[in-house]
Amino acid sequence: MTVQLWTYVIVGITFALYIGIAIMSRAGSTKEFYVANEGVSPLANGMATAADWMSAASFISMAGLISFMGYDGAVYLMGWTGGYVLLALLLAPYLRKFGQFTVPDFIGERYYSKTARLVAVFCALLVSFTYVAGQMRGVGVVFSRFLEVDITTGVIIGMFIVLFYAVLGGMKGITYTQVAQYCVLIFAFMVPAIFISIQFTGNPIPQLGFGSRGTDGVYLLEKLNGLSAELGFAEYTQGVKSRLDVFAITAALMVGTAGLPHVIIRFFTVKKVSDARKSAGLALLFIAILYTAAPAVAVFARTNLIATVSGQPYALMPQWFSNWETTGLLQFIDKNGDGLIQYTADALRNELTVDRDIMVLANPEIANLPEWVIALVAAGGLAAALSTAAGLLLVISSSVSHDLVKSVFKPNITDQQELVIARLSAVGAVCVAGYFGINPPGFVAAVVALAFGLAAASFFPAIMLGIFYKKMNKEGAVAGMVVGILLMLFYMLKFKFGLFDGGMEAVPGLQKEWWFGISPEGFGFVAMIVNFAVSLAINAFTPDPPDEVQEMVEYIRIPSGAGKPTH
Amino acid sequence: MKEQNYWKKNIQYVSMLLLIWFSVSYGAGILFKDSLDQIYIGGFPLGFWFAQQGSIYVFVVLIFVYVRLMNKLDKQFGYDTDGEENA
């Protein structure tokens, strides 16, 4: 069987599976639609959270990014896992005890104000749309390369699948499809990783493999350091970012992770507080399997790429090379006309441009793995992108139907009417996401990274203070969120999009002007500190929250009785 | 009073665990990376290993330690029995 046939078969089977699950788990009430009736087991929630969390960025882009960043790639590895510690210890149990449907629910009730809720809705929508754009582009990339349909068709197929199970089943359908998607994606990521690790080092565990000796008896990392230096790149284990920037980006990603609405709402779906804690641990365990293998894949892929292409004649390149050339993600320009591929850090002499996104997708081909493994990777990439997209779409639709329509504009609608609105807004959200997928904004991971800055700058401080500081009032929290998110938006538009200095071309030149030398990706950390500072300062000059709110804070701190209504 | 004691103990646990969280990631993986890199385990410079492997393992362990500690604490204070079914 050819790769393409295998891909049709494997992707077809997984899609049929997702649709089957969706039909079996249709939602009949808003409680089912928003929080899967609070009946999800910790194990299932752990797997669903892992799939919800691991997006096209984790599956497709991350290992590729790391392979070009070396040590600096640690910002993603630590940032996107360490946030779960914050989530488990500081937020999840209390939010579960609070026991409502959405993050703006908590902000709105805790800060006893519609303004607070509206600000939270705005932040949730901004974060989720930024994030979902990256997912749809991931779907498009996979479809265009593996199923050889154009990106637009690919995105539309993806939209229909997500639409089907998100609209039909809401959180209930999403949860159980995510469990299946986790199994698909982790299998699809680990199989090639293990194969390649054996090829390179004889060690079947990639996590250990990349620290062992290669077939030539030299430690792999040492060899890669040497190769990188020869071609003029920084040593792989050193990286080029300043330590301060690495610190800030890691912190922004960690705090952002803990503040992402689509991750937080997963913890509303379990039965009790202790289940919320446990499923956070299980989620991180499931995530860690991929996250500890990704840096190994990065090292293998990088070494493999350099060995295969560097200084080699273009005419002798294997089949995968031209496959990826046709997608435009791999480009070779023979500048000096010698027919050899010069791959160096020197931009003037370098003849090869590699899109970071293809490293994971092309890796099985580069390593000559069997056809079915290549097809499996395509199915895994789709599972990762679709599962995250579905989680985000739920946040978007519940923000509209529950937080805007039900809570603010039309409080009198019935449960069934709210459910219809929830489904309609899911349809609307899918269409917007699809638009972004067809007209994609830049690198998947780079765009996604900014969503974390926004989440760190807005939600994390408001939620944390809401739980740990009983006297935190609405004036402080609202001011903190508004200042935090606006500051982050400003920094992002100025330094990432060059909006105030003449557009994208100005961006590289602005790097010298970064505040404290911190990149836009890491600025969420600064904006978060500003949010905390503003919240506490305003809080000091404005009245304490009412007694019943303070009692509610005491109530959510005690884990028992999570089934009871809050008020 | 009981609530306050429970909360105090909880804060103690959380602070202790977050201290470890900070030291493995920001400490060993970033701030002290260069000095730790002088030490090798297999082919890994130690600081690099903490940044790309070790800290993640510790994170997982930390959450499970937290789960255990809190489950014990809940039991001790009698907060573990009153679940969904009694509501």
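What you see is a predicted model, and the numbers here were worked out from it, not measured in a lab. (Residues numbered from 1 in each chain as written. Chains lettered and ligands numbered in written order. Predicted model: local features only at pLDDT ≥ 70, side-chain atom pairs only at ≥ 80, totals over all residues. Heavy atoms only, no water.)

A.B. asks: Before we go on, may I ask you to explain the overall build of chain A in this structure?
C.D. replies: On a plain count of helices and strands, chain A comes out with 22 helices and 2 strands. Scaling as 2.2 N^0.38, a compact globule of 567 residues should have a C-alpha radius of gyration of about 24 Å, and chain A matches this with 24 Å. Along the first, second and third principal axes, the C-alpha atoms of chain A reach 75 × 50 × 45 Å. Buried positions account for 65% of the 567 residues belonging to chain A. Look at the contacts in chain A between residues 6 or more apart in sequence, and 81% of them connect residues 24 or more apart. Here chain A has roughly 18,500 Å² of accessible surface; of this, 66% comes from carbon and sulfur atoms. The positive charge centre, built from 34 side chains, and the negative charge centre, built from 36, are 10 Å apart in chain A. (Helix = DSSP H or I, 4+ residues; strand = E, 2+ residues; numbered from the N terminus. Rg over C-alpha atoms; globule rule 2.2 N^0.38 Å. Buried < 20%, exposed > 50% of the residue type's maximum accessible area, 1.4 Å probe, protein only. Contact = heavy atoms within 4.5 Å. Areas by Shrake-Rupley, 256 points an atom, 1.4 Å probe, with all protein chains shown as cover. Lys, Arg positive; Asp, Glu negative; His and termini not counted. Charge placed at Lys NZ, Arg CZ, Asp CG, Glu CD.)

A.B. asks: Is there a simple way to explain helix α10 (residues 220-230) of chain A in this structure?
C.D. replies: Think of an α-helix as 3.6 residues a turn; residues three or four steps apart then line up on the same face. All names here are of chain A. Those residues of α10 that sit buried are Leu-220, Leu-221, Leu-224, Asn-225 and Ser-228. Buried residues along α10 cover an arc of 135° about the axis, so they all sit on one side. Pointing more than 90 degrees away from the buried face of α10 are the exposed residues Glu-222 and Glu-230. Of the residues one or two after α10, Gly-232 is the one with positive phi, at around 90°. (Arc of directions from axis to C-beta.)

A.B. asks: Would you explain the nonpolar core in this entry?
C.D. replies: Most often, soluble globular proteins have nonpolar side chains that are buried together. By size, the foremost hydrophobic cluster in this structure holds 240 residues, and its most contacted members are Trp53(A), Phe59(A), Ile107(A), Tyr291(A) and Ile463(A). Residues in contact with Phe59(A), not counting those within four places in the same chain, are Leu185(A), Ala188(A), Phe189(A), Leu290(A), Val360(A), Val377(A), Gly380(A), Gly381(A) and Ala384(A). (Core = buried A, V, L, I, M, F, W, Y, C linked by side-chain atoms within 4.5 Å.)

A.B. asks: Explanation requested: the environment of Trp514(A) in the structure shown.
C.D. replies: Residues and elements named next belong to chain A. One can find Trp-514 in the loop between α20 (507-510) and α21 (523-540). You can call Trp-514 buried: its relative accessible area is 18%. With 42 residues separating them along the chain, Trp-514 and Ile-556 place their C-alpha atoms 41 Å apart.

A.B. asks: Just checking my understanding: could you explain the interface of chain A and chain B for this structure?
C.D. replies: A common way to express how large an interface is: the accessible area buried when the components associate. Across the boundary between the two partners, chain A contributes 56 residues, which contact 43 residues of chain B. Carbon and sulfur atoms make up 71% of the area that chain A and chain B hide from each other, which totals about 4,300 Å². Counting the contacts that link chain A with chain B gives 2 salt bridges. Arg277(A) serves as the salt-bridge partner of Asp74(B), at 3.0 Å between the closest nitrogen and oxygen. (Buried area = accessible area lost by both parts, 1.4 Å probe. Salt bridge = Lys/Arg side-chain N within 4 Å of Asp/Glu carboxyl O.)

A.B. asks: When you look at the packing of helix α15 (residues 358-366) of chain A against helix α16 (residues 371-409) of chain A in this model, what are you seeing that I'm missing?
C.D. replies: The description of two packed helices rests on the angle between their axes and on the distance between the axes. Residues and elements named next belong to chain A. Orientation of α15 relative to α16, taken along the N-to-C sense of each, is 170°, at an axis distance of 9 Å. By the angle class used here, α15 and α16 are roughly antiparallel. Across the interface between the two elements, Val-360, Leu-361, Pro-364 and Glu-365 from α15 touch Val-373, Ile-374 and Val-377 from α16. Classifying every residue of the contact of α15 with α16 gives 6 nonpolar, no polar and 1 charged. (Axes fitted to C-alpha atoms, helices over the stretch in contact; angles between N-to-C directions. Parallel < 35°, antiparallel > 145°, perpendicular 65-115°, else oblique. Nonpolar A, V, L, I, M, F, W, Y, C, P; charged D, E, K, R; others polar.)

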